[in-house]
Amino acid sequence: MTSVRDLRDWSRGVCATYPNVDIKDMSTSFRNGLAFCAIIHKHRPDLIDFSSLSKKNIYQNNKLAFTVAETRLGVSALLDPKELVSNKVPDGLNLFVMSTSCPLKRKYI
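Residues numbered from 1 in each chain as written. Predicted model: local features only at pLDDT ≥ 70, side-chain atom pairs only at ≥ 80, totals over all residues. Heavy atoms only, no water.

Per an unreviewed UniProt entry, the protein goes by the name MICAL like 1 and belongs to Cynoglossus semilaevis.

**Student:** Got a sec to walk through the overall build of the protein? Specific residues and values, please.
**Tutor:** Within the protein one finds 6 helices and 0 strands. In the protein, the succession of helices and strands from N to C terminus is α-α-α-α-α-α. The 109 residues of the protein split such that 41% are buried. Partitioning the contacts of the protein with sequence separation of at least 6, the portion at a separation of at least 24 is 53%. Element-wise, carbon and sulfur atoms account for 51% of the exposed surface of the protein, whose accessible area totals about 6,100 Å². (Helix = DSSP H or I, 4+ residues; strand = E, 2+ residues; numbered from the N terminus. Buried < 20%, exposed > 50% of the residue type's maximum accessible area, 1.4 Å probe, protein only. Contact = heavy atoms within 4.5 Å. Areas by Shrake-Rupley, 256 points an atom, 1.4 Å probe, with all protein chains shown as cover.)

**Student:** Lay out helix α2 (residues 34–43) in plain terms, naming residues and giving numbers.
**Tutor:** For α2, a buried count of 7 out of 10 residues is recorded, marking the element as mostly surrounded by other parts of the structure. Burial in α2 covers these residues: Leu34, Ala35, Phe36, Cys37, Ala38, Ile39 and Ile40.

**Student:** Please provide a residue-by-residue account of the packing of α2 against helix α3 (residues 58–73), values included.
**Tutor:** Two elements in contact, α2 and α3, have axes separated by 8 Å at closest approach and are oriented at 35°. Considering how the two elements wind past one another, α2 and α3 form a crossing that is left-handed. Between α2 and α3, the contacting residues are Leu34, Phe36, Cys37 and Ile40 on the first element and Asn61, Asn62, Leu64, Ala65, Phe66, Val68, Ala69 and Leu73 on the second. When the residues that make up the contact of α2 with α3 are grouped by side-chain class, the tally is 10 nonpolar, 2 polar and no charged. (Axes fitted to C-alpha atoms, helices over the stretch in contact; angles between N-to-C directions. Left-handed = near helix turned anticlockwise from the far one by under 90°. Nonpolar A, V, L, I, M, F, W, Y, C, P; charged D, E, K, R; others polar.)

**Student:** An account of the packing of aromatic side chains is requested, with residue identities and associated values reported.
**Tutor:** Per the counting criterion, the structure on display carries 3 aromatic pairs. Between Tyr18 and Phe50 the ring centres are 4.8 Å apart and the planes differ by 75°, which places this aromatic pair in the edge-to-face class. In this pair, Tyr18 sits in the loop between α1 (4–15) and α2 while Phe50 sits in the loop between α2 and α3, placing the two residues 32 residues apart along the sequence. Seen in terms of ring centroids, Phe30 and Phe36 are 5.1 Å apart; in terms of plane orientation they differ by 55°. Their pairing is tilted. Judged on exposure class, the residue Phe30 and its partner Phe36 are both buried. Aromatic rings pair up to connect Phe30, Phe36 and Phe66 into one cluster. (Phe/Tyr/Trp six-rings, centres within 6.5 Å; stacked < 30°, edge-to-face > 60°.)

**Student:** I'd like to hear about the environment of Asp25, residue by residue, with values.
**Tutor:** If you trace the backbone, Asp25 turns up in the loop between α1 and α2. Each C-alpha atom of the pair Asp25 and Arg5 lies 8.6 Å from the other, and the pair is 20 residues apart in sequence. With near-sequence residues (within four places) excluded, Asp25 lies in contact with Arg8 and Phe30. There is a polar contact of 2.9 Å between the side chain of Asp25 and the backbone nitrogen of Ser27. Polar side-chain contacts of Asp25 include one of 2.8 Å to the side chain of Thr28. (Polar contact = N/O pair within 3.5 Å; in protein donor to acceptor, adjacent residues only side chain to side chain.)

Listed below in structure tokens is the structure:
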């Protein structure tokens with residue numbers, strides 16, 4: 001079973017080389033959507049053009065990541081991009097559940 005710390009550490013390692021992505025927790029570190037996009041891009045760079053993203057585009061980043069995750073990776077979105085824009089502290093439990101269902105994570109953790 002994956003713990004929150006294991007998932008955080010895995011995410012931190014995957015995102016270490018990506019600009020504007022600093023994984024400190026499993027909540028606010030994912031709010032701007034760049035961490036989700038970086039995780040997808042790290043393993044499937046053909047699906048997301050990470051260099052075109054901006055940390056200011058919270059809604060668009062999350063919408064892109066959730067759409068790609070659902071349509072190309074089979075990961076159901078448990079969050080709405082609008083929630084991440086309106087909530088300064090996203091629901092960590094939903095982030096955890098969504099992240100643990102990612103097939104990329106299962107392959108590498």
